[in-house]
Amino acid sequence: TQLLEQSPQFLSIQEGENLTVYCNSSSVFSSLQWYRQEPGEGPVLLVTVVTGGEVKKLKRLTFQFGDARKDSSLHITAAQPGDTGLYLCAGFLNTGTASKLTFGTGTRLQVTL
Amino acid sequence: NAGVTQTPKFRILKIGQSMTLQCTQDMNHNYMYWYRQDPGMGLKLIYYSVGAGITDKGEVPNGYNVSRSTTEDFPLRLELAAPSQTSVYFCASSYSRGEQYFGPGTRLTVT
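What counts as what
- Residues numbered from 1 in each chain as written.
- Chains lettered and ligands numbered in written order.
- Predicted model: local features only at pLDDT ≥ 70, side-chain atom pairs only at ≥ 80, totals over all residues.
- Heavy atoms only, no water.
- Helix = DSSP H or I, 4+ residues; strand = E, 2+ residues; numbered from the N terminus.
- Buried < 20%, exposed > 50% of the residue type's maximum accessible area, 1.4 Å probe, protein only.
- 1 Å grid on protein atoms, 1.4 Å probe; cavity = no way out; pocket = protein on both sides within 12 Å on 5 of 7 lines; lining within 4 Å.
- Points joined across faces, edges and corners; volume = space filled by probe spheres on them.
- Nonpolar A, V, L, I, M, F, W, Y, C, P; charged D, E, K, R; others polar.
- Salt bridge = Lys/Arg side-chain N within 4 Å of Asp/Glu carboxyl O.
- Disulfide = S-S within 2.5 Å.

**Some remarks on the overall build of chain B**
- A count of helices and strands for chain B gives zero helices and eleven strands.
- Ordered by position from N to C terminus, the α and β elements of chain B give β-β-β-β-β-β-β-β-β-β-β.
- Overall size of chain B, expressed as C-alpha extent along the three principal axes, is 35 × 25 × 25 Å.
- Here chain B holds 111 residues, and the buried ones make up 47% of them.

**As for the layout of surface pockets**
- Here the second largest pocket defines a volume of roughly 430 Å³.
- Taken together, 23 residues line the second largest pocket, and the ones lying closest to its centre are A:Gly40, B:Gln37, B:Val88, B:Phe90 and B:Arg107.
- Among the secondary structure elements, those contributing two or more residues to the lining of the second largest pocket are β9 (87-94) and β11 (106-110) of chain B.
- Within the lining of the second largest pocket, the residues separate by chemical class into nine nonpolar, eight polar and six charged.

**Quick look at the pattern of salt bridges**
- Counted according to the given criterion, the structure contains four salt bridges over all chains.
- As a salt-bridge pair, A:Arg60 and A:Asp83 come within 2.9 Å of each other at their nearest N and O atoms. Of this pair, A:Arg60 sits in the loop between β6 (55-58) and β7 (61-65) while A:Asp83 sits in the loop between β8 (71-76) and β9 (85-93); the two residues are 23 residues apart in sequence, bridging distant segments of the chain.
- The class of A:Arg60 is partly exposed, set by a relative accessible area of 23%.
- B:Glu79 serves as the salt-bridge partner of B:Arg77, at 3.2 Å between the closest nitrogen and oxygen.
- Looking at B:Arg77, the relative accessible area reads 29%, which means it is partly exposed.

**A word on the state of the cysteines**
Residue and element names in this part refer to chain A.
- One pass over the full model with this rule turns up two disulfides over all chains.
- Here Cys 23 is linked by a disulfide to Cys 89, with a sulfur-sulfur distance of 2.0 Å. Taking the torsion about the S-S bond as the criterion, the Cys 23 to Cys 89 disulfide, at about 75°, is right-handed. Of this pair, Cys 23 sits in strand β3 (residues 19-24) while Cys 89 is found in strand β9, placing the two residues 66 residues apart along the sequence.

Pasting the structure below:
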């Protein structure tokens, strides 16, 4: 079983601060996804990164896939209260019929005014 | 499109009771999944299906059963509910094996 560790587990910051969330594994993934989950709802896909070293930007969110495709980071610039939620990384390993998405342990972010 | 819908939203079961969690998607996705999410934790895969008539176990299948008679529906069955099955259950679907679309979840309490 591939294990995806996220850090930190919890993060409480004030509006306007910057933050970085990390997702690490000993396994090499075909691709990696980031989801955000708000209370009482299901996770919603934010981005998929596929190529080692790839960087994708989504407004104030910057996602990076590690060169070796074992890790990823999510950086939020000037956090806003609307960024509050549970952030989940998920690694996809393409091994044919057994291919599955493995979810990380999650980072719970709270942004206060 | 409604996307992925789940019913019920909430349910309380007594130990030993059985129930079926319903999941329907209208995106014509071949792949469907059931996850459970315990408080403060990530998602653990219970069962998945790569198409109608085909199902397979995930990481934590014990105590659950599934069927996939149509592309749209993927119900999850709990036969003898136990307190350890108290959790939030999410159904998801995907066109390919990667990006998944989730339903709103079913919050189940077993007492």
